Amino acid sequence: MTEPWYATREDVMRALDVKLTARSTRQIDRALQSASRDIDSLCHRRFYPETATRSFDWPGSQYRPSWRLWLDDQELISLTSITSGGTAISPDDVVLYPLSGAPYSRVETNLGTSAAWGGGDTHQADVTITGLWGYRLDETTVGALAADVASTTATTITVNGPASAELGVGSILRIDDERMIVTGRSMVDTGQGFGDSMTAAKNDVSIGAADGTAYAVDEVILRDSERMLIVDIAGNTLTVERAWDGSVLAAHTDSAIYAPRALTVVRGALGTTATTHDSAASVRRWNPPGLVRDLTIAEALNRVTNEQAGYARTRRTSGGGASTDQALTARDLPALREQVYNAHGRKARHRGV
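Being a predicted model, the structure only gives us computed values, none of them experimental.

Calculation rules
- Residues numbered from 1 in each chain as written.
- Predicted model: local features only at pLDDT ≥ 70, side-chain atom pairs only at ≥ 80, totals over all residues.
- Heavy atoms only, no water.
- Helix = DSSP H or I, 4+ residues; strand = E, 2+ residues; numbered from the N terminus.
- Buried < 20%, exposed > 50% of the residue type's maximum accessible area, 1.4 Å probe, protein only.
- Contact = heavy atoms within 4.5 Å.
- Areas by Shrake-Rupley, 256 points an atom, 1.4 Å probe, with all protein chains shown as cover.
- Pairing = 2+ DSSP bridges.
- Axes fitted to C-alpha atoms, helices over the stretch in contact; angles between N-to-C directions.
- Phe/Tyr/Trp six-rings, centres within 6.5 Å; stacked < 30°, edge-to-face > 60°.
- Lys NZ or Arg CZ within 6 Å of the ring centre and 35° of its normal.
- Expected span 1.5 Å × (residues − 1).
- Arc of directions from axis to C-beta.
- Core = buried A, V, L, I, M, F, W, Y, C linked by side-chain atoms within 4.5 Å.
- Salt bridge = Lys/Arg side-chain N within 4 Å of Asp/Glu carboxyl O.

**Structural notes on the overall build of the protein**
And then number 1: Looking only at helices and strands, the protein has four helices and 19 strands in total.
And then number 2: Relative to its full complement of 353 residues, the protein shows a buried share of 41%.
And then number 3: Considering only contacts within the protein whose residues lie at least 6 apart along the sequence, 71% involve residues at least 24 apart.
And then number 4: Of the accessible surface of the protein, which amounts to about 17,100 Å², a share of 47% is contributed by carbon and sulfur atoms.

Next comes the structure, spelled out in structure tokens:
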């Protein structure tokens, strides 16, 4: 995964109702990567958070006021430090705009202080800003680590409880100050075995759990070799959809229950540093804007279905006694793209010269 996605593999698979296979996952991953970068281009901004240090030319007065620095598509979520010509400027001596909050599109020196740009020999790359770049920091706590992450090179973490139902391949996580990107999921024993048996029948859908709160609706569990989708939870009773993800319907006796709570991750992602983490440390998921996520899913679905049809989806129409084949297009996609651009697109900046 070269850059973050704005939706997960599981989002697209659920919408397509496709079974879990290596072939389908590779196809969906490619579609998600392309769709996410298309949205960056459409909106002229990157939405995901990234910690980085970036340099800018200090403002030439012939183009703009000498105290104002436009960041253009390098938008800030929060500022850590700033220098001009190698001289540190206190973050308290600059003003971030817009005043309503992130994403910040420009930085101005506070005219009530002595701070100024242009401390170097030339204006080129004179200003250096370190901070969190991106659109907005919208995070949700989805669980906690089930065990210590004792190494900075370990690439598998396990999340406690039913939080895995809210995570997927492509999710951006933050544990302490380290960000990680989920690239895979695998089954682990939930620690709850079921004494009740199940027959090899599609209508045998109830499982008695020792603790129903340990699971979540929409979570996939594994019993022996059969995957099941939890569709409802009432107390300690799970209602499931049998033979999920193309697995084979089977009978079960006393057996352990597994859930996809072991996550394969890219460590130290998006400008952060891999560190160790204690068991029970909070796991936070970054949330892309809702419309951006919706469009990512829609664009990925469109790509996958077009690939499956060899980009030759047609429908037969008739008129005037003749039948013709017309190419099928996703008619709602243009409207959704327009919604996303209107809500989140970075509009052109005009100035007099």
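**With respect to the sheet that holds strand S3 (residues 76-84)**
And then number 1: Taken together, four strands build an open sheet; the order of strands is S1-S7-S3-S4 and the sheet is antiparallel. Only two strands of the sheet have a single partner each, and these edge strands are strand S1 (50-56) and strand S4 (87-89). The mean inter-strand angle of the sheet, taken between neighbouring strand axes irrespective of direction, is 25 degrees.

**Side note on the environment of Leu79**
And then number 1: Locating Leu79 in the fold gives a position in strand S3.
And then number 2: Considered as a pair, Leu79 and Ile129 are 50 residues apart in the sequence and their alpha carbons are 7.5 Å apart.
And then number 3: Discounting chain neighbours no more than four positions away, the residues touching Leu79 are Pro91, Val94, Leu96, Ile129, Thr130 and Gly131.

**A word on the packing of aromatic side chains**
And then number 1: Counted under the stated rule, the structure contains four aromatic pairs.
And then number 2: Ring centres of Phe47 and Tyr135 lie 5.0 Å apart, and the angle between their planes is 65 degrees; this geometry places the pair in the edge-to-face category. Of the two residues, Phe47 sits in the loop between helix H2 (22-43) and S1 while Tyr135 sits in the loop between strand S7 (127-133) and strand S8 (139-144), which places them 88 residues apart along the sequence. An identical accessibility class is assigned to Phe47 and Tyr135; each is buried.
And then number 3: The rings of Tyr6, Phe47, Tyr135 and Trp286 are connected pair by pair, giving a single aromatic cluster.
And then number 4: A cation over a ring is seen here: Arg106 above Tyr97, with NZ or CZ 4.0 Å from the ring centre.
And then number 5: Sitting over the face of the ring of Tyr341, Lys347 holds its NZ or CZ atom 4.9 Å from the ring centroid.

**As for helix H4 (residues 333-344)**
And then number 1: With twelve residues, H4 ought to run about 16 Å at 1.5 Å a step, and its terminal C-alpha atoms sit 16 Å apart, in line with that.
And then number 2: Of all the residues in H4, the buried ones are Leu333, Leu336, Val340 and His344. When H4 is viewed along its axis, its buried side chains cluster within an angular range of 65 degrees and face the same direction.

**So, the environment of Thr239**
And then number 1: With respect to the helices and strands, the residue Thr239 is situated in strand S15 (residues 237-241).
And then number 2: Its relative accessible area of 27% is what places Thr239 among the partly exposed residues.
And then number 3: For the pair Thr239 and Val217, spaced 22 residues apart in sequence, the C-alpha separation works out to 9.0 Å.
And then number 4: Once you skip the residues sitting within four places of it in the chain, Thr239 turns out to touch Val205, Leu229, Ile230, Val231 and Asp232.

**Focus: the nonpolar core**
And then number 1: One finds Leu71, Leu76, Ile82, Val107, Trp117 and Ile129 to be the most contacted residues of the largest nonpolar core, which totals 17 residues.
And then number 2: For this core, the secondary structure elements donating two or more residues are S1, S3, strand S5 (94-97) and S7.
And then number 3: Those residues in contact with Ile82 that sit more than four places away from it in its chain are Thr87, Ala88, Ile89, Val107, Trp117, Val127, Thr128 and Ile129.

**Thoughts on the pattern of salt bridges**
And then number 1: Applying the stated criterion across every chain, the model contains 22 salt bridges.
And then number 2: Note that Asp29 and Arg9 form a salt bridge whose closest N and O atoms lie 2.7 Å from each other. Placement of Asp29 in helix H2 and of Arg9 in helix H1 (residues 9-16) is noted, with a sequence separation of 20 residues between them. Judged on exposure class, the residue Asp29 and its partner Arg9 are both buried.
And then number 3: Here Asp11 ties to Arg14 by a salt bridge, and the two come within 3.8 Å at their closest N and O atoms.

**Re the sheet that holds strand S2 (residues 68-70)**
And then number 1: Strand order in the open sheet formed by three strands is S2-S6-S5, and the pairing between neighbours is antiparallel. A strand with exactly one partner marks an edge of an open sheet, and here the two such strands are S2 and S5. The mean inter-strand angle of the sheet, taken between neighbouring strand axes irrespective of direction, is 20 degrees.
And then number 2: The pairing of S2 with strand S6 (residues 106-109) spans three bridges and is antiparallel. Bridging from a neighbouring strand, Arg68 pairs with Glu108 of S6.

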